[in-house]
Amino acid sequence: MSESVHPQDVLLGAQAGAVVLPVCDHYSGVEARMRKSLALQAEMAQEFGACVFDVTLDCEDGAPVGGEADHAALVTELALAAAPGMRVGVRVHPVDHAAFAGDVMTIAGRAGHRLSHLMVPKVESARDVHEAVEALNAVGAEALPIHVLIESPFAVHQAFEIAAHPRVQSLSFGLMDFVSAHGGAIPADGMGAAGQFTHPLVVRAKLDISSAAHAHGKVPSHCVVTEFNDVEAMRGAAAKAANEFGYTRMWSIHPNQIRPILEAFAPDERQIQTATKILVSAVAANWAPVSFDGTLHDRASYRHFWQVLSRAHATGRALPPEAQAWFAPVSS
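Note that the coordinates shown come from a computational prediction; the quantities given were computed from them, not determined experimentally.

Draft legend 1. Fine view of the overall build of the protein chain. Scanning the protein chain from N- to C-terminus turns up 14 helices and ten strands. Scaling as 2.2 N^0.38, a compact globule of 332 residues should have a C-alpha radius of gyration of about 20 Å, and the protein chain matches this with 20 Å. Overall, the protein chain is about 65 × 50 × 35 Å in size when its C-alpha atoms are taken along their principal axes. Expressed as a percentage of contacts within the protein chain between residues at least 6 apart in sequence, the contacts between residues at least 24 apart total 73%. Counting only carbon and sulfur atoms, one obtains 54% of the accessible surface of the protein chain, whose full area is about 14600 Å². Each charge class in the protein chain can be summarised by its mean position, and for the 23 positive and 35 negative side chains these summaries are 4 Å apart.

Draft legend 2. How the structure looks around the pattern of salt bridges. Under the criterion given, the structure shown has 15 salt bridges. A salt bridge links E244 to K240; the shortest N-O distance between them is 3.9 Å. On the basis of relative accessibility, which here comes to 53%, the residue E244 falls in the exposed class. Within this structure, D58, E60, D61, R91, K122, E151 and D177 form a network of salt bridges that share partners.

Draft legend 3. Looking closely at unusual backbone geometry. At N286, a position not held by glycine, the phi torsion is positive, near 55°. For N286, the position within the fold is in the loop between α12 (269-284) and β9 (290-292). Backbone geometry places D293, a non-glycine residue, at a positive phi of 50°. With respect to the secondary-structure elements, D293 resides in the loop between β9 and β10 (295-297).

Draft legend 4. Region of the structure containing the packing of aromatic side chains. Scanning all chains against the criterion turns up six aromatic pairs. Between W287 and Y302, the ring centres sit 5.7 Å apart and the planes meet at 70°, which makes this aromatic pair edge-to-face. Here W287 is found in the loop between α12 and β9, whereas its partner Y302 is found in helix α13 (residues 299-314), with 15 residues between them in sequence. Taking 5.1 Å as the distance between ring centres and 5° as the angle between the ring planes, the aromatic pair formed by W306 and F327 counts as stacked.

Draft legend 5. Region of interest: the packing of helix α2 (residues 31-48) against helix α3 (residues 68-80). At a minimum axis separation of 11 Å, α2 and α3 run at an interaxial angle of 15°. Classified by the angle their axes make, α2 and α3 are roughly parallel. Relative to α3, the crossing made by α2 is right-handed. Counting all contacts with α2, which are made through E31, M34, R35 and L38, the residues of α3 involved are H71, L74, V75 and L78. Each residue belonging to the contact of α2 with α3 can be placed in one class, and the counts come to five nonpolar, one polar and two charged.

Draft legend 6. Spotlight on the side chain of D25. Within the secondary structure, D25 is located in strand β1 (residues 24-28). D25 gets classed as buried once you look at its relative accessible area, which sits at 1%. A polar side-chain atom of D25 sits 3.4 Å from a polar atom in the side chain of Y27. Ignoring sequence-local partners within four residues, the contact set of D25 consists of D54, V55, T56, H117, R249, M250, W251 and S252.

Draft legend 7. Spotlight on the pairing of strand β6 (residues 168-173). Burial runs high along β6: six of the six residues are buried. In this sheet, β6 lies alongside strand β5 (residues 146-150) in parallel orientation, the contact comprising five bridges. By the bridge assignment, I150 is partnered in β6 with F173. Two strands pair when backbone bridges link them, and β6 and strand β7 (residues 219-222) are joined in this way by three bridges, in the parallel orientation. Following the sheet pairing, L171 is matched in β7 by P220.

Draft legend 8. Local environment of the nonpolar core. Counting residues in each nonpolar core, the largest one holds 72 residues, and the members touching the most others are L57, V90, L171, F173 and M250. For this core, the element with the most residues is helix α9 (residues 200-215), which contributes six residues. Beyond its immediate stretch of four places on either side in the chain, F173 contacts L149, I150, F178, V202, A205, K206, I209, S221, C223 and Y247.

What counts and what doesn't
- Residues numbered from 1 in each chain as written.
- Predicted model: local features only at pLDDT ≥ 70, side-chain atom pairs only at ≥ 80, totals over all residues.
- Heavy atoms only, no water.
- Helix = DSSP H or I, 4+ residues; strand = E, 2+ residues; numbered from the N terminus.
- Rg over C-alpha atoms; globule rule 2.2 N^0.38 Å.
- Contact = heavy atoms within 4.5 Å.
- Areas by Shrake-Rupley, 256 points an atom, 1.4 Å probe, with all protein chains shown as cover.
- Lys, Arg positive; Asp, Glu negative; His and termini not counted.
- Charge placed at Lys NZ, Arg CZ, Asp CG, Glu CD.
- Salt bridge = Lys/Arg side-chain N within 4 Å of Asp/Glu carboxyl O.
- Buried < 20%, exposed > 50% of the residue type's maximum accessible area, 1.4 Å probe, protein only.
- Phe/Tyr/Trp six-rings, centres within 6.5 Å; stacked < 30°, edge-to-face > 60°.
- Axes fitted to C-alpha atoms, helices over the stretch in contact; angles between N-to-C directions.
- Parallel < 35°, antiparallel > 145°, perpendicular 65-115°, else oblique.
- Left-handed = near helix turned anticlockwise from the far one by under 90°.
- Nonpolar A, V, L, I, M, F, W, Y, C, P; charged D, E, K, R; others polar.
- Polar contact = N/O pair within 3.5 Å; in protein donor to acceptor, adjacent residues only side chain to side chain.
- Pairing = 2+ DSSP bridges.
- Core = buried A, V, L, I, M, F, W, Y, C linked by side-chain atoms within 4.5 Å.

Laid out in structure tokens, this is it:
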């Protein structure tokens with residue numbers, strides 16, 4: 001197909017879906033687990049033919065107290081040694097933590113060119129984002145995307161302003177800290193696989209963050225499920241996040257959770273086939289409206305179906321030949 005009619009050329013710039021990231025963001029902070037996570041990422045990239053999940057190396061919860069500098073150095077070396085083409089990010093300490101400046105100087109200063117993103121936790125306002133941006137710019141990491149973790153009632157209230165910052169690429173919801181910030185007003189089961197989808201305050205926070213992200217074309221990333229040995233609970237939570245709460249990405253904290261997330265966020269075969277047929281018809285009509293199975297489609301629905309195929313590609317799903325051509329690497 002001609003490059004002049006590539007869907008991205010026509011549909012790019014839409015408010016929603018302006019950024020496409022792998023649907024799973026896998027966190028680890030202990031050295032052995034970080035190494036295993038990077039090895040698993042490379043293995044699954046071979047299996048699926050694409051890097052289907054991010055690995056975020058964790059300084060905030062991974063570094064021992066007093067050992068923050070050594071942990072930052074370790075994370076930097078691991079990121080630099082990751083297999084080519086793999087997406088590796090780092091969660092640093094919050095901007096008001098004593099280790100934040102050292103994290104940025106060591107990690108972004110040495111490996112900023114290799115990282116896919118920097119996760120900044122406990123972001124309360126756009127001012128925190130601005131402080132993080134200034135720190136990154138000062139070490140030459142001007143192009144490094146920032147992911148933010150929203151973890152308090154006040155931060156949820158600021159979500160739209162935070163999402164508006166041009167360096168912010170993704171917003172994540174910090175469930176555990178959000179619940180504990182309510183001083184016992186939310187029961188402990190609000191942190192569980194079931195309760196986090198039913199307690200009104202948690203539900204409202206999730207929807208606000210998702211809406212803020214979509215309003216500014218950013219990626220909403222759903223929180224953790226701590227019951228990592230309960231695969232069915234994980235599948236159910238991932239399906240709810242994807243189908244009912246508007247999230248297009250989700251955290252994993254155990255290798256057992258990666259495949260259920262990929263499955264829940266991936267379009268099924270019927271969706272892939274329908275999206276391909278509609279977009280092929282759109283290309284043939286030079287992006288004018290078309291009728292498909294008795295339903296009218298135009299650029300608004302074309303954009304949706306392009307996002308379906310983009311998500312299918314990001315999750316390693318097999319695509320029809322017509323759609324594969326749209327995702328083929330561009331030759332130099």
